[in-house]
Amino acid sequence: MSRFSRLIRFIAADGKTYYGDAILPTGISDVSRVTKARVIEGGILSQGYKVTDQVLNVNKLLAPLAFKDAKTVRCLGLNYAQHAKESNMDIPKFPVLFYKPITSLSGPSDPIPIPKVAQGEPGLDYECELVVIIGKEARDVPESSALDYVLGYCAGNDMSHRDWQLKKGGGQWSLGKGFDGWAPIGPAIISPSIIPDPQKLRISTKVNGRTVQDSSTADMIFSVAKTVSFLSQGTTLLPGDILFTGTPQGVGMGRKPQYWLKDGDIVEVGIEGIGSITNKVTFERTKAHL
């Protein structure tokens, strides 16, 4: 049975939503530029899905997993050595784990909505991250076989509001990172057959075209394999679980002077072999009820 190479979820010309295997033009590796895809039939998280010969035009890329297919969104903090250094924090001995709600997920070109509650003080920050999608149940798996449980990889932006994360929220990281639409991912889920070693990827962020983060996944403190193995100890990881694996140095909080996002900024996260997601920071105009 044919397996996907670059899994996308998209709206076609007929207005319907499909899962598909992206067809990239010659010389193009960034899936955000895809225009055609082979339709996938069946549950994408089951072993019985099928990549068909039906080809459709891609009108709009969506988050590569639908809400109904996504499970828990787990995230690591301080997982790059240079980022821990710029944050003036010790290298952690174990992965630092927090969670985002499913409603924080959004697509590779969706606006990032900033609610009124997050507009009062500066502190809006970007975090480029390699995102791992779990493909089959994993519990107590050894590091040596942990990558066998990975469905694929995509790019993500762990949007954060540092005041809510560290001060107002009383140190509750999830509170300052879990607003609606604050976890854009995409543009596709890339098969491990294309990315056999996730620790050799260039990862970067641009804000309004200016590069602010530029690093390599080789700087991770806990590799993808270590992370999957650790998180599976005593806790079952499920197909559709999403793992944000941390961000490298260059975040706005760590800069001197600090550099915060503002209304209208364009944030582009790119990862080698995966492609890019580009999202506009958009302040909501409704009133807060506080």
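Computed from a prediction, not measured in an experiment: that's the story for all the values here.

1. Structural notes on the environment of Ala63
Item 1. Within the secondary structure layout, Ala63 lies in the loop between strand E5 (60-62) and strand E6 (73-77).
Item 2. Once the C-alpha coordinates of Ala63 and Asp148 are considered, the two residues, 85 residues apart in sequence, prove to be 23 Å apart.
Item 3. With near-sequence residues (within four places) excluded, Ala63 lies in contact with Arg9, Ser106, Gly107, Pro108 and Ile185.

2. Some words on the environment of Asp90
Item 1. Among the structural elements, Asp90 can be located in the loop between helix H1 (81-86) and strand E7 (96-100).
Item 2. In this structure the C-alpha to C-alpha distance between Asp90 and Val132, which are 42 residues apart in sequence, comes to 25 Å.

3. Some details on the domain arrangement of the protein chain
Accessible area lost when the parts come together is the quantity often used to give the size of an interface.
Item 1. Domain parsing of the protein chain yields domain 1 (6-61) and domain 2 (67-283).
Item 2. Placing the centre of domain 1 and that of domain 2 at their C-alpha centroids yields a distance of 24 Å.
Item 3. Between domain 1 and domain 2, the residue contacts involve 12 residues of the former and 18 residues of the latter.
Item 4. Of the roughly 1,200 Å² buried between domain 1 and domain 2 on both sides combined, carbon and sulfur atoms contribute 57%.

4. Brief notes about the pattern of salt bridges
Item 1. All chains considered together, the criterion is met by 16 salt bridges.
Item 2. Asp158 is paired through a salt bridge with Lys177; the nearest N and O atoms lie 2.8 Å apart. Remark: Lys177 occurs in helix H3 (residues 173-177) and Asp158 occurs in the loop between strand E12 (150-157) and strand E13 (160-161); sequence separation between them is 19 residues.
Item 3. Judged by its relative accessible area of 2%, Lys177 is buried.
Item 4. When salt bridges that share partners are traced, they join Lys100, Asp125, Glu127, Asp158, Arg162 and Lys177 into one network.

5. Quick notes on the sheet that holds strand E16 (residues 210-216)
Item 1. The mixed open sheet is built from five strands, whose spatial order is E9-E19-E18-E15-E16. At either margin of the open sheet sits one strand with a lone partner, and together these are strand E9 (112-114) and E16. Each strand axis lies, on average, 15° off the axis of its neighbour in the sheet, ignoring direction.
Item 2. Across five bridges, strand E15 (residues 202-207) lies against strand E18 (residues 266-271) in antiparallel orientation. Paired with Ser204 across the strands is Gly270, a residue of E18.

6. A short note on the nonpolar core
Item 1. The biggest cluster of nonpolar side chains holds 41 residues, and the ones touching the most others in it are Ile8, Phe10 and Val228.
Item 2. Broken down by secondary-structure element, the contributors of at least two residues to this core are strand E1 (6-11), strand E2 (17-23), strand E3 (36-41), strand E11 (128-134), E12, strand E14 (183-190), helix H4 (224-231) and E18.
Item 3. Residue-level mapping places this core at the junction of two domains, with at least three residues from each of domain 1 (6-61) and domain 2 (67-283).
Item 4. When sequence neighbours within four positions are dropped, the list of residues in contact with Val228 reads Ile134, Val141, Ala146, Val150, Leu237 and Leu243.
Item 5. Within the second largest apolar cluster, 25 residues are counted, among which are Ala63, Val73, Cys75 and Val131.

7. Focus on the UniProt feature "domain: Fumarylacetoacetase-like C-terminal" (unreviewed entry) in the protein chain
Item 1. UniProt records the feature "domain: Fumarylacetoacetase-like C-terminal" (unreviewed entry) at residues 73-281, using the numbering of this structure.
Item 2. The span residues 73-281 is 12% helical and 34% strand by assignment, and the distance between its end C-alpha atoms comes to 21 Å.

8. Observations concerning the packing of aromatic side chains
Item 1. Considering all chains together, one arrives at six aromatic pairs under this definition.
Item 2. Centroid distance Phe4 to Tyr49: 6.1 Å. Interplanar angle 40°. Geometry classified as tilted. In this pair, Phe4 is assigned in the segment before E1 and Tyr49 in the loop between E3 and strand E4 (50-57), connecting sequence segments 45 residues apart.
Item 3. Judged by relative accessible area, Tyr49 falls into the buried class, the value being 2%.
Item 4. Each ring, one from Phe179 and one from Trp182, has its centre 4.8 Å from the other, and the planes form 65°; the classification is edge-to-face. For the pair formed by Phe179 and Trp182, the shared burial category is buried.
Item 5. Seen from the ring of Tyr149, Lys136 lies directly overhead, with NZ or CZ sitting 4.9 Å from the centre.
Item 6. Positioned above the aromatic ring of Tyr259 is the side chain of Arg210, whose terminal nitrogen or guanidinium carbon lies 5.1 Å from the ring centre.

Thresholds applied
- Residues numbered from 1 in each chain as written.
- Predicted model: local features only at pLDDT ≥ 70, side-chain atom pairs only at ≥ 80, totals over all residues.
- Heavy atoms only, no water.
- Helix = DSSP H or I, 4+ residues; strand = E, 2+ residues; numbered from the N terminus.
- Contact = heavy atoms within 4.5 Å.
- Domains from an automatic or database assignment.
- Buried area = accessible area lost by both parts, 1.4 Å probe.
- Salt bridge = Lys/Arg side-chain N within 4 Å of Asp/Glu carboxyl O.
- Buried < 20%, exposed > 50% of the residue type's maximum accessible area, 1.4 Å probe, protein only.
- Pairing = 2+ DSSP bridges.
- Axes fitted to C-alpha atoms, helices over the stretch in contact; angles between N-to-C directions.
- Core = buried A, V, L, I, M, F, W, Y, C linked by side-chain atoms within 4.5 Å.
- UniProt positions renumbered as here; feature names shortened; annotations may be inferred.
- Phe/Tyr/Trp six-rings, centres within 6.5 Å; stacked < 30°, edge-to-face > 60°.
- Lys NZ or Arg CZ within 6 Å of the ring centre and 35° of its normal.

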